[in-house]
Amino acid sequence: MTQDELKQAVARSAIDYVVDGEIIGVGTGSTANFFIDELAKIKHRIKGAVASSEATAARLRAHGIAVFDLNDVDAIAVYVDGADEITAAGAMIKGGGAALTREKIVASVSGKFVCIADGSKLVGTLGQFPLPVEVLPMARAAVSRQLAALGGQPRLRLQAGSEAAFITDNGGMIVDVLGLSIADPVALENRINQIVGVIAVGLFAARGADVCLLGTPDGVRTLTF
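Owing to the predicted nature of the structure, the values given are computational and were not obtained by experimental measurement.

Rules of the game
Residues numbered from 1 in each chain as written. Predicted model: local features only at pLDDT ≥ 70, side-chain atom pairs only at ≥ 80, totals over all residues. Heavy atoms only, no water. Pairing = 2+ DSSP bridges. Helix = DSSP H or I, 4+ residues; strand = E, 2+ residues; numbered from the N terminus. Buried < 20%, exposed > 50% of the residue type's maximum accessible area, 1.4 Å probe, protein only. Arc of directions from axis to C-beta. Contact = heavy atoms within 4.5 Å. Salt bridge = Lys/Arg side-chain N within 4 Å of Asp/Glu carboxyl O.

**Observations concerning the sheet that holds strand S4 (residues 85–86)**
Overall, antiparallel pairing links the three strands, which are arranged S4-S5-S11 in an open sheet. Of all the strands in the sheet, the pair left with one neighbour each is S4 and strand S11 (203–204). Bridge count between S4 and strand S5 (residues 92–93): two bridges; the pairing is antiparallel. Bridging across to S5, isoleucine 86 finds its partner in methionine 92.

**Focus on helix H3 (residues 54–62)**
Looking only at H3, the buried set comprises Thr56, Ala57 and Leu60. Seen along its axis, H3 keeps its buried residues to an arc of 100°; they face one direction. Seen from the buried face of H3, the exposed residues on the opposite side, beyond 90 degrees, are Ala55 and Ala62. Each element contacted by the buried residues of H3 is listed here: strand S1 (23–26), helix H2 (30–39) and strand S2 (48–51). Remark: glycine 64 follows H3 within two positions and exhibits a positive phi of approximately 80°.

**As for the environment of arginine 145**
Following the sequence through the fold, arginine 145 ends up in helix H5 (residues 140–149). Exposure remark for arginine 145: the relative accessible area of 59% places this residue in the exposed category. Spatially, the C-alpha atoms of arginine 145 and threonine 222 are 39 Å apart, while their sequence positions differ by 77 residues.

**A short note on the pairing of strand S13 (residues 219–224)**
The pairing of strand S12 (residues 211–216) with S13 spans six bridges and is classified as antiparallel. Bridged to glycine 215 within S13 is valine 220. With antiparallel pairing between neighbouring strands as the criterion, S12 and S13 make up a hairpin whose turn holds two residues.

**Some remarks on the side chain of lysine 121**
Here lysine 121 is to be found in the loop between strand S6 (110–118) and strand S7 (131–135). With residues near it in sequence (within four places) discarded, lysine 121 still touches Gln3, Ala83, Asp84, Glu85 and Ile86.

**Observations concerning the environment of threonine 222**
Mapping threonine 222 onto the fold places it in strand S13. Remark: the alpha-carbon pair of threonine 222 and glutamine 153, spanning 69 residues in sequence, is separated by 34 Å. Threonine 222 has contacts with Tyr17, Val211, Cys212 and Leu213, leaving out every residue within four places of it along the chain.

**Section: unusual backbone geometry**
Located in the positive-phi region is alanine 98, a residue other than glycine, with phi close to 70°. Inspection of the secondary structure assignment puts alanine 98 in the loop between S5 and helix H4 (100–108).

**As for the pattern of salt bridges**
Following the criterion strictly, the structure yields 11 salt bridges and no others. Across the pair lysine 94 and aspartate 81 runs a salt bridge, and its minimum N-O distance is 2.7 Å. Highlighted residues: lysine 94 in the loop between S5 and H4 and aspartate 81 in strand S3 (residues 76–81), separated in sequence by 13 residues. Looking at lysine 94, the relative accessible area reads 2%, which means it is buried. Overall, the relative accessible area of 0% leaves aspartate 81 in the buried class.

In C-alpha cells:
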C-alpha cells in the first residue's frame, strides 16, 4: 500500500469516533485532509466542525461542512488530527504543517484526541523529526539561542522556494529544532513553554493522544493510551 492509501485507511477508521449531532475538532495536514473528505460523506450526521487552521476551514467549507469559531463552542466531543511522530505512550511531535498552536488549543478542549497516522510515524523516542516551535517574530533570535542551549539546532522555517520567513495563521514564525532526542517529552514541553517569546511548542505530551489509528500494510492498528 502507498502512504496515501494508508492515510486514507486511517481516515475512514476515524469516522467510527465521530459523535452524531456534535461539533468535531479537525486538524491540519495531508492525513487530516483525507479525514475531512471522509467526514463530508457523513456531514448530515454532525452539527459542524472547529478547524485548527485557515486551510482546514477552507477545505471543510468547500465540502459544505459548517465551521464554528471555538469561542462560540461549549464543548468538542472528539478531535481528529495527524502527527509527525508518536510514541507508544501517546506523546507526539506535531507542527509540520505549521498549525501547532491552534491544533494544541482545539485538542485541549476536546473530550477525546484521535490521532491518525501511517505506521512510519510510530517511534521509540521523539526527536528525529525536527521539533517545531512557534515564536513571536521579535523574539526569534532570543528564543533560538535558548533552544540551542537545550542541545538543539534551531533553524528558521522559510516559505517554500523563498528566503522569506514562513508566517503562520497567527502571525508567528516557526523555528524547527533539529538534533534532539526527547526522553522526557512532558518535561521538555514545559521547559520550552516557559521561554519568553514562545507561542507554542509542537510537543503534544502533557495532553497527548487518547487513541492512535496507525495505517499498516496489514490493516489499521489501534493504540489506546
